[in-house]
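# Inside the fold
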Amino acid sequence: MSIVDCEHHVVVEKLDDLAPYLSDGWLARLSMGEFAMPRPGPHPGAEIEYAPGQGGADPAAASAALPAELSHAILIPSQPLVSSGWLGHRMASVFSSAVNDFVADRWLAADSRFRFAISVPAHDGEAAAEEIRRLGGHPGAAAVCFSPIAVNLGQRHYHPVYEAAVEHDLAVIVHPGGFEANVVGPAALGGVGPRTPEETFCLLPQVAMSSISSLVFDGTLTRYPQLRIAFAGFGFGWVPPLMWRMDSEWRGLRVEVPWLTEPPSEVISRQIRFVVDAAVERETGAWSLAGMLSPWSLIWGSDIPFAGGGIESLAGCGEAARNRILEANALDTFQRLKVTATVVG
Amino acid sequence: MNASATSAPARHAVGAVDEFPLDEFRIFRLDDRPIGVVRTRQGFFAVRNRCPHQGADICAGKVSGTMVPSKPFDYDYSEETLVLACPWHRWEFELATGKSFGRMTNKRLITYDVEVEGDQVYVAMKKGRA
Amino acid sequence: MPGTAVTDLIEAQQDEGYALVDCDVHPLIGDVGGLRKHMSKRAVRRVFGEAVQVYARDPNRIPHPTSGLRLDAKTPSGGPPGSDAAFCLEQWIEPCAIAAALLIPIQSGLVIPWGDERAGNEFISAFNNYFMEEWVGLDSRYRLCISVSPYDVQAAVDEVERLADEPGVAAIFMPHAAVALGRTQYDRLYEVAERHGLPIVVHPTGAEGNLYDAPRLAGGLPQTYPERHALLLQPGQAMLTSMIFGGVFERFPALKLVLSEYGVTWALPMMWRMDRAWELGDRELAGLTMAPSETVRRNVRFTTQPLDEPPDQKQLWEILDLMHAEETVMFSSDYPHWDTDNPRLIIRGRLPERLRKPIAQDTALTCFGDRLGL
């Protein structure tokens, strides 16, 4: 049995590390004034305070720590995710591209099991599509990753992202940026604040809920039937109630969304995945709800360095389900993993 | 007129054609069942006045064509299949067959054959077939 | 016409041996202008200076593709569904053998964007008086949620004190504006509510995700009605977490919160998630003496409509079981809205036997006590 880690985070320690991957002008712009490298850790309510040296920045150390059974680890750059909270569209784009190049250059050579997710800015769908096309052919690319702005995921704003992703057989990973609760720009949380960290932690899955409702009812998943979207960092216990509610809505309101010719729960089961990462989902009894999902729905993510990374949290789910979550579902979701990557050192 | 002891299906007279306003159900109690009869542009239909979903008086709903599958945010309204939308949850059932339009449920709305002879309308008391 | 099919269904039932409480019935004032006579000249000028909408949002913003109301519930005089107290008895209360109907008049949500608090407060008092006279005064099965100002806490307290001892007053309806209900500024309201045994009832008003002054939906803005409707649980979830982690139920352990029409099954993963958040966070700072899920069991109630219809009903039952539905869930119909639930069908057809009496009657009795008049 093999393990595929669908959520292994990479941290860039210093702006200098990005110098080779930025234009002179942008390096100058980011070096002057207030800009500072984002503090990684886009997990509101995370139980670990990240400090430099704690991990995520050293490819050799990360490689050495990979379990023997691990066959692939999808590297998700942490810091570009927070750019959904930035106002500068081009800055988010430039920063994401620089980090992508950094990861492709410095990480992939450290371990043949590493793959990477192409970070894209959520602000600008066309710029995101350009970035996907720029790196989509890279043998190490396995996914696209972003954290959403306050535009729901089904809308045309993101269609260029999906088109480019599907062209290159890349699944899309959606992940929190960290600012959802408190700044204007990223996907909002429901209700109104101010909130304690506990409340933010509890409400974060709502971003995924709104995304899914939009993707299904706007017909976007129907329009891109090859598209696969994985929600990482949002948990999954909330999914069965949402699926059932969406099915009821569809049955009564089909005339408004006649392009949707099957129940939402079936579309979700086919095209949406949920990352089980140890930081987010260790709720008592969560596994009794897992049985209400399609067997394809859950994929494993270590969430290193923001969580312990161990697979102990899967102990409650039974052998067959565990093996699917650890490997088969990931291979199905991330089709590029099946292609042997020739690492560009 | 009640069903006789012979094997011939009973039928009930429910009035004259011009007593039926277009697209509006009239309700009758036939063989102790509430049955709605409606005149449409595609002829007469009769259904059990009970939505298979939660039991609402479905004949108080709306008779019309409906949106058929289309591209996202295009609409294609068609009257090829006439449906009855329940006044509660708006689940649509094909008037001709009782099937759920869009396959919301496997349960069917019970339908009955309607015969028009001259200007008189009759409901046949056997369940309509698909 | 009264629902013959519904009547047939009920006539075919045997006496179940318990009463049915409907915890979500929506009375409507067909002509809001009729409240003028109960308000001062100043307030009338402010409130009725321009046309007052009957509903909280412009229909064109996100138009329902058919109608948000039952198509068979127009009143005999041609008025909108829910606008005739006598007809509601005839069409709904009597045929369904409802022993007590909790009236939740969500039109008081109209005050959410009003900048003139004084006028808003007068409107609310006139509004409450209307329902006391026209509905509660007509039939003792009608039990009213009195509305209060979402902004002026002193006015809210005064309104509660004014009406708390009136027979037929069952609860307080708080139109949910853009204020976190866990904040200590509401403590005076919670204190008076707890003292009088009045649960706080919240319910979507139509303003959420539409008005600046109302709670947000998560993400961005929805485009279609089903997209939005599927997300209405979100302000309810936010309200719940705010009150739990805001320590409201620590300070007011006997207070009840009723989340009406926000859904039921999401509560289970949320209870677990809140417990997990409590574990992960600084427990001393949070200041909770019991786990959030235990607090929900003690203090929070959910109404059934719209009850989920999963392909495998046992999965619904499993969730109801795990969330202690026999303590936390109460039946509701949402009459006369379009996605209403048929009481007998829900209770007899979609609930396990052991939950029927609790959900039909017992949980509501425990929550509202004598205030149901049963």
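Residues numbered from 1 in each chain as written. Chains lettered and ligands numbered in written order. Predicted model: local features only at pLDDT ≥ 70, side-chain atom pairs only at ≥ 80, totals over all residues.

Counting its regular elements, chain A contains twelve helices and eight strands. Across its three principal directions, the C-alpha atoms of chain A cover 55 × 40 × 40 Å. By residue count, 62% of the 345 residues in chain A fall in the buried class. Considering only contacts within chain A whose residues lie at least 6 apart along the sequence, 82% involve residues at least 24 apart. (Helix = DSSP H or I, 4+ residues; strand = E, 2+ residues; numbered from the N terminus. Buried ≥ 20, exposed ≤ 12 C-beta atoms within 10 Å, placed from the backbone. Contact = placed C-beta atoms within 7 Å.)

Here chain A shows a mean pLDDT of 91. Residues at 70 or above account for 92%. Counting contacts from residues 45–49 of chain A, a segment whose pLDDT is below 50, to residues more than four positions away or on other chains yields 13 contacts. (pLDDT = per-residue confidence, 0-100.)

The next thing to look at is the sheet that holds strand 6 (residues 77–85) of chain B. Residue and element names in this part refer to chain B. Within the open sheet, the three strands sit side by side as 5-6-7. Their pairing is antiparallel. What marks the edges here is a single partner per strand, and that holds for strand 5 (62–67) and strand 7 (92–94). Ignoring which end each strand starts from, the neighbouring axes of this sheet average 55 degrees apart. Here strand 5 pairs with strand 6 via five bridges, running antiparallel. Directly across from methionine 67, in strand 6, lies its bridge partner tyrosine 77. (Pairing = 2+ DSSP bridges. Axes fitted to C-alpha atoms, helices over the stretch in contact; angles between N-to-C directions.)

With that out of the way, let us pick up the confidence of the model for chain B. All names here are of chain B. With 90% of its residues at a pLDDT of 70 or more, chain B has an overall mean of 91. Every residue in residues 1–6 scores below 50 in pLDDT, and together they form eight contacts with partners more than four places removed in sequence or on other chains. If you check the scores for this complex, the pTM reads 0.95 and the ipTM reads 0.95.

With that out of the way, let us pick up the packing of helix 5 (residues 153–163) of chain C against helix 6 (residues 187–196) of chain C. Any two packed helices are characterised by how steeply their axes cross, that is the angle between the axes, and by the distance between the axes. Residue and element names in this part refer to chain C. Running from amino to carboxyl end, helix 5 crosses helix 6 at an angle of 15 degrees, the nearest separation of the two axes being 9 Å. Of the possible angle classes, the one that applies to helix 5 and helix 6 is roughly parallel. Note on packing geometry: the crossing formed by helix 5 with helix 6 is left-handed. Counting all contacts with helix 5, which are made through Val153, Ala156, Val157, Val160 and Glu161, the residues of helix 6 involved are Arg188, Leu189, Val192, Ala193 and His196. Residue composition of the contact of helix 5 with helix 6, by class: seven nonpolar, one polar and two charged. (Parallel < 35°, antiparallel > 145°, perpendicular 65-115°, else oblique. Left-handed = near helix turned anticlockwise from the far one by under 90°. Nonpolar A, V, L, I, M, F, W, Y, C, P; charged D, E, K, R; others polar.)

Turning our attention to helix 16 (residues 353–368) of chain C. Residues and elements named next belong to chain C. For helix 16, with 16 residues, the first-to-last C-alpha span of 23 Å sits near the 22 Å given by 1.5 Å per residue. Along its length, helix 16 shows its largest kink, about 50 degrees, at isoleucine 359. Every buried residue of helix 16 is accounted for by Arg356, Pro358, Ile359, Ala360, Gln361, Thr363, Ala364, Cys367 and Phe368. Glycine 369 sits one or two residues past helix 16 and shows a positive phi near 60 degrees. (Expected span 1.5 Å × (residues − 1). Bend = angle between axes of the 7 residues up to and from the residue.)

Turning our attention to the interface of chain A and chain C. Across the contact, 52 residues belong to chain A and 51 residues belong to chain C. Put simply, the parts of the chain that give the side of chain A that touches chain C at least two residues each are helix 6 (197–203), helix 7 (205–217), helix 9 (239–253) and helix 11 (286–290) of chain A. Among the residues making up the side of chain A that touches chain C, the classes are represented as 26 nonpolar, 17 polar and nine charged.

This paragraph deals with the interface of chain B and chain C. Facing 15 residues of chain B, the contacting portion of chain C comprises 15 residues. A per-class count over the side of chain B that touches chain C returns six nonpolar, five polar and four charged.

With that settled, consider the sheet that holds strand 6 (residues 257–259) of chain C. Residues and elements named next belong to chain C. Spatial ordering of the open sheet is given by 1-2-3-4-5-6-7-8, a layout of eight strands whose pairing is parallel. Of all the strands in the sheet, the pair left with one neighbour each is strand 1 (20–25) and strand 8 (329–330). Inspection of the sheet shows strand 1 paired to strand 2 (residues 98–103) by four bridges, in the parallel sense. Paired with leucine 20 across the two strands is isoleucine 98, which belongs to strand 2.

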